[in-house]
Every structure is written in C-alpha cells, then in structure tokens.
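Structural description and commentary
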Amino acid sequence: MFYDGSFGSQLLFAIRCKALSVNRCTWRWNERNTRLCLQCNRGVEETVQHLVLECSKCEHEPESLMHVVHEQYGENRWNARCVEDDSGMIYPVGLDEECNMTVVAAMKDFLVHAWNKQQ
C-alpha cells in the first residue's frame, strides 16, 4: 500500500505530486534564498534526483535503496531506465506500471532517513 499514513508516505506523495520541499522549488522563500543543496555543499541545485541519487549527505541510504532496486528490477534494466526517464525516478516512487511494493517501501524508508538528516 502506497499511503499508510506514515511520514514516508507523506514524503512519497509529495514527490509524486512534484511538491517535495527541495531548494530548487522553495528558493524564493527559504532562509538562505538559494537553489543549491546546503547538505553536501557541492554547488549543485537541490532537486529530488539530487537528494535521492547524488547527495553525499545521504551517504549510505542511496546504496541501500539502489540495492533493493537492483535486486527487484535488475541492474541492467535500471541503468537503461535511468537514461530514458527522470534519472529513473519513476520506478522507485511507484509511477511505473511495473511498480514493486518492496522498492516503494525502500524508497519511503530512504526518504524518511534523508529528510531527517536535512532537519
């Protein structure tokens, strides 16, 4: 079940609606007035893709999420998919017709850990 009332479900819903509060979207009214990721300080825009796939502040979480994705979807299929659409973000958030609840659950866990590190 995608939405079970948990914080992870709320974050998943926000991503699916393109409404997750990342700096790329909130820079006009955030305290520092910047689109950049303030977690890793690499000088890149803080986007959902950056948060999930690239941000060094979430060091071990992407690895555990990607382990589940590769296990459930296949590493080769995943790598090919990343080239096709939104860096592969459609699959782990459950917007793909081949949606796998194990991957969605891992994504929700990842989001909770990553969000807590930002706060």
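Given the structure is predicted, the values throughout are model-derived calculations rather than measurements.

A few words on the overall build of the chain. Looking only at helices and strands, the chain features six helices and zero strands. Going residue by residue from the N terminus, the α and β elements of the chain occur as α-α-α-α-α-α. For the chain, with 119 residues in total, the buried portion stands at 42%. A separation threshold of at least 6 residues defines the contact pool for the chain, and within that pool the share at least 24 residues apart is 48%. For the chain, the exposed area adds up to about 6,900 Å²; of that, 48% sits on carbon and sulfur atoms.

Within a pair of aromatic rings, the relevant descriptors are the distance that separates the centres and the angle that separates the planes. On inspection of all chains with the given rule, the structure shows one aromatic pair. Each ring, one from Tyr 3 and one from Phe 13, has its centre 5.6 Å from the other, and the planes form 80 degrees; the classification is edge-to-face. Of this pair, Tyr 3 sits in the segment before α1 (7–16) while Phe 13 sits in helix α1, and the two are 10 residues apart along the sequence.

Take the pattern of salt bridges next. Evaluated as defined, the whole model comprises one salt bridge. In this structure, Lys 108 engages Asp 4 in a salt bridge whose closest nitrogen and oxygen atoms are separated by 3.5 Å. Of this pair, Lys 108 sits in helix α6 (residues 101–118) while Asp 4 sits in the segment before α1, and the two are 104 residues apart along the sequence. On the basis of relative accessible area, Asp 4 is assigned to the partly exposed category, the value being 46%.

The rules behind each value
- Residues numbered from 1 in each chain as written.
- Predicted model: local features only at pLDDT ≥ 70, side-chain atom pairs only at ≥ 80, totals over all residues.
- Heavy atoms only, no water.
- Helix = DSSP H or I, 4+ residues; strand = E, 2+ residues; numbered from the N terminus.
- Buried < 20%, exposed > 50% of the residue type's maximum accessible area, 1.4 Å probe, protein only.
- Contact = heavy atoms within 4.5 Å.
- Areas by Shrake-Rupley, 256 points an atom, 1.4 Å probe, with all protein chains shown as cover.
- Phe/Tyr/Trp six-rings, centres within 6.5 Å; stacked < 30°, edge-to-face > 60°.
- Salt bridge = Lys/Arg side-chain N within 4 Å of Asp/Glu carboxyl O.

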